[in-house]
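# Chain and residue survey
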Protein chains: 2
Amino acid sequence: MATLYHHPLCPHSRFVRLLLGEFGVDAELIEERVFERRYDFLLLDPAGRTPVMVEESGQVLPGTGIIAEYFDETRSRTTTNQRLLPPDPAARVEVRRLMSWFHDKFFAEVSEPLITEKVYKRFMPQERGGGPLDMDVVRAARNNVRYHLRYIGFLVGKRKWLAGNEMSYADLAAAAHLSSVDYLGDVPWGEDEAAKDWYVRLKSRPSFRPLLADRTPGMAPSEIYAELDF
Amino acid sequence: MATLYHHPLCPHSRFVRLLLGEFGVDAELIEERVFERRYDFLLLDPAGRTPVMVEESGQVLPGTGIIAEYFDETRSRTTTNQRLLPPDPAARVEVRRLMSWFHDKFFAEVSEPLITEKVYKRFMPQERGGGPLDMDVVRAARNNVRYHLRYIGFLVGKRKWLAGNEMSYADLAAAAHLSSVDYLGDVPWGEDEAAKDWYVRLKSRPSFRPLLADRTPGMAPSEIYAELDF
């Protein structure tokens, strides 16, 4: 069986867990706290980030983008009718643009600061950045999430899914990041009805169920986190 | 003809300029100062980063990774004998891992802080982060570059090129970032002989010549910048 080194609230790890569900791949999940810089984990990927997947063959897949491209190259034709990364080069550009939008930009502006402040800083030793949360950072991130929600609403107002008329990696990336932030109760769903409707569609997929069952010790999710009707 | 929106010292833009040379693609270069947040540029790519390429067909390619994948999908079979992103999925993992190493990790630890401090901050308005350089940041980045050089030396001690026995996107990514830092005079080449030899091989390629001819107004390159024997 494959192994996925992940953190339950790491949005990039959540994206890969959604891929596992969509592609029907079984994997053992191992929780990794990257800030501990565990030697055996750094041997797998010296960059030391989650997620890292190890295939049953021993092939190491370090990082979100690499896992997504590898799944497309090795699994897309056998396990789904629909390509989550579509075959046409121009359509791939749009899916990859939005993957990067959420994995890089949304991460930098929203999910990374919120999760670092509210979750990781509790567990980090002080010399690696641990300590009390910085409310200025939290407020800025909470403000940023609003325009991302409106951008999602704008896109699904023109198309059925974020990158076009088929669901793609772009939707899974956006939903993975939002689900981490939603666990913390920081998504103002009232801000954009179209974005909320789109999220309900994703949240209802079987691939989403394992994420909705997550519980971080000492940190209950927001009340609506696992609700399909919120 | 295609158009490339770039900045002369932006290492991601330099990577794409190397691709243009390797693939034999002509493009008009337009200098973009992303911190000015020019409206027409944001219409091309709302993420607002360089590089952005616009194909003669009008197809917009926003960002380094997307350009590299698109070139592989649309140009690799017609313009080169050798695939800069090799066809085998496992080999692609290693090339993409090292692309990410330089485009993300080296950028965060070395090229981004050095270029921001030494170049961009001169041109940025103060409210967007402009002002005098912060020597602590410069010192930290100069220290970080040493272990990246040793990592390059380690890799080319095992293989002919960074990701294997053929030159790949990984080499062009690493060389693009190092060339920006080298312009500023901040690469301690004496640190690793094998890394230096590898860089000489890349620097000697015709695709590298346009980079070596770059001159930023008011900022001469380091003495050895354009020398093949340094």
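The rules behind the values
Residues numbered from 1 in each chain as written. Chains lettered and ligands numbered in written order. Predicted model: local features only at pLDDT ≥ 70, side-chain atom pairs only at ≥ 80, totals over all residues. Heavy atoms only, no water. pLDDT = per-residue confidence, 0-100. Helix = DSSP H or I, 4+ residues; strand = E, 2+ residues; numbered from the N terminus. Contact = heavy atoms within 4.5 Å. Buried < 20%, exposed > 50% of the residue type's maximum accessible area, 1.4 Å probe, protein only. Lys, Arg positive; Asp, Glu negative; His and termini not counted. Salt bridge = Lys/Arg side-chain N within 4 Å of Asp/Glu carboxyl O. Polar contact = N/O pair within 3.5 Å; in protein donor to acceptor, adjacent residues only side chain to side chain. Pairing = 2+ DSSP bridges. Axes fitted to C-alpha atoms, helices over the stretch in contact; angles between N-to-C directions. Buried area = accessible area lost by both parts, 1.4 Å probe. Nonpolar A, V, L, I, M, F, W, Y, C, P; charged D, E, K, R; others polar. Phe/Tyr/Trp six-rings, centres within 6.5 Å; stacked < 30°, edge-to-face > 60°. Expected span 1.5 Å × (residues − 1). Bend = angle between axes of the 7 residues up to and from the residue. Least-squares fit on C-alpha atoms with pLDDT ≥ 70 in both. Domains from an automatic or database assignment.

Let us now look at the confidence of the model for chain A. Detail in the predicted coordinates should be disregarded across regions flagged by low pLDDT. Here chain A averages 94 in pLDDT, while 98% of its residues score no lower than 70. Both scores are given for the predicted complex: the pTM is 0.94, the ipTM 0.93.

Attention shifts here to the environment of B:Arg150. All names here are of chain B. Structurally, Arg150 can be placed in helix H6 (residues 135–158). Placed 65 residues apart in sequence, Arg150 and Leu85 show a C-alpha to C-alpha distance of 24 Å. With sequence-adjacent residues up to four places away left out, Arg150 is seen in contact with Glu191 and Asp192.

Right, let's get into the side chain of B:Lys196. All names here are of chain B. With respect to the helices and strands, the residue Lys196 is situated in helix H8 (residues 193–203). For Lys196, which is buried and forms no salt bridge, the nearest opposite charge comes from Glu193, at a distance of 4.8 Å. Within the local environment of Lys196, its side chain forms a polar contact with the backbone oxygen of Phe230, the two atoms lying 2.4 Å apart. Once residues lying within four places of it in the same chain are set aside, the contact partners of Lys196 are Trp189 and Phe230.

All names here are of chain A. Reading across from one edge, E2-E1-E3-E4 is the order of the 4 strands in this open sheet, with mixed pairing throughout. Each having just a single partner strand, strand E2 (27–31) and strand E4 (60–62) make up the two edges of the open sheet. Taking each pair of neighbouring strands and ignoring which way they run, the sheet shows an average axis angle of 15°. With 5 bridges connecting them, strand E1 (residues 2–6) and E2 associate as parallel partners. By the bridge assignment for E2, Tyr5 is matched with Ile30.

It is common to give the size of an interface as the accessible area that goes away when the parts come together. Counting residues at the interface gives 24 residues for chain B and 23 residues for chain A. Taken together, the two surfaces of chain B and chain A that pack against each other cover about 1,800 Å², and 64% of this comes from carbon and sulfur. Seen at the junction of chain B and chain A, the total is 6 salt bridges. At the boundary of chain B with chain A, the tally comes to 6 residue pairs in polar contact (both at pLDDT 80 or more). The set of elements that each furnish at least two residues to the side of chain B that touches chain A consists of strand E4 (60–62), helix H3 (64–74) and helix H5 (89–123) of chain B. Here the side of chain B that touches chain A gets 10 residues from one element, more than from any other, and that element is H5(B). Among the residues making up the side of chain B that touches chain A, the classes are represented as 12 nonpolar, 3 polar and 9 charged.

The next thing to look at is the packing of aromatic side chains. Residue and element names in this part refer to chain B. With the rule as written, the count across this model stands at 26 aromatic pairs over all chains. Centroid distance Phe15 to Tyr169: 5.8 Å. Interplanar angle 75°. Geometry classified as edge-to-face. With Phe15 in helix H1 (residues 11–23) and Tyr169 in helix H7 (residues 169–183), this pair connects stretches of sequence that are 154 residues apart. Summarising the burial analysis for this pair, Phe15 and Tyr169 share the class buried. Plain terms: the ring middles of Tyr199 and Phe230 are 6.4 Å apart, the flat faces sit at 80° to each other, and that makes the pair edge-to-face. Within this pair, whereas Tyr199 is found in helix H8, its partner Phe230 is found in the segment after helix H9 (209–212), the two being separated by 31 residues in sequence. A relative accessible area of 0% places Tyr199 in the buried class. Note on Phe230: relative accessible area 18%, which makes it buried.

Because each turn of an α-helix spans 3.6 residues, side chains separated by three or four positions in sequence point in the same direction. All names here are of chain B. Here H1 contains 13 residues, and its C-alpha end-to-end distance of 18 Å stays within 8% of the 18 Å for a straight helix at 1.5 Å per residue. Taken together, the buried positions of H1 are Pro11, His12, Ser13, Arg14, Phe15, Val16, Arg17, Leu18, Leu19, Leu20, Glu22 and Phe23. Residue Gly24 follows H1 closely and has a positive phi angle near 65°.

Next up on the list: the sheet that holds strand E3 (residues 52–54) of chain B. All names here are of chain B. The sheet built from 4 strands is open, its strands ordered E2-E1-E3-E4 with mixed pairing. Only two strands of the sheet have a single neighbouring strand rather than two, namely strand E2 (27–31) and E4. Each neighbouring strand pair of the sheet contributes to a mean axis angle of 15°, computed without reference to strand direction. Note: strand E1 (residues 2–6) against E3, 3 bridges, orientation antiparallel. Within the sheet, the bridge partner assigned to Leu4 lies in E3 and is Met53.

For the rest of this paragraph, the subject is H5(B). All names here are of chain B. Here H5 is 35 residues long, yet its end C-alpha atoms lie only 43 Å apart, well below the 51 Å a rise of 1.5 Å per residue gives. Along H5, the sharpest kink reaches roughly 80°, centred on Phe107. Counting buried residues in H5 gives 26 out of 35 residues, a clear majority hidden from the surface.

For the match of chain B to chain A, the screw axis carries a shift of 0.0 Å, the RMSD comes to 0.0 Å, and the turn is 180°. Each copy turns onto its partner about a two-fold axis. Interface residue correspondence from chain B to chain A reaches 96%, placing this contact among same-surface, isologous pairings.

Residue and element names in this part refer to chain A. In the structure shown here, the tally under the stated rule is 44 salt bridges over all chains. Taking the shortest distance from any N to any O, the salt bridge between Glu22 and Arg205 comes out at 2.7 Å. One end of the pair, Glu22, is in helix H1 (residues 11–23); the other, Arg205, is in the loop between helix H8 (193–203) and helix H9 (209–212), with 183 residues separating them in the sequence. Residue classification places Arg205 among the partly exposed positions, given a relative accessible area of 24%. One salt bridge connects Glu191 with Arg146, and the closest N-O pair in it is separated by 2.9 Å. Of this pair, Glu191 sits in the loop between helix H7 (169–183) and H8 while Arg146 sits in helix H6 (residues 135–158); the two residues are 45 residues apart in sequence, bridging distant segments of the chain.

On to the domain arrangement of chain A. Residues and elements named next belong to chain A. Each domain of chain A was delimited in the assignment, giving domain 1 (2–79) and domain 2 (89–206). For domain 1 and domain 2, the distance between their C-alpha centres works out to 19 Å. Summed over both sides, the interface of domain 1 with domain 2 buries roughly 1,900 Å², with 65% coming from carbon and sulfur. Counting the contacts that link domain 1 with domain 2 gives 3 salt bridges. Viewed at the interface, domain 2 and domain 1 are joined by 7 residue pairs in polar contact (both at pLDDT 80 or more). In terms of residue count, the dominant contributor to the side of domain 1 that touches domain 2 is H1 (8 residues). Partitioning the side of domain 1 that touches domain 2 into residue classes produces 10 nonpolar, 3 polar and 7 charged.

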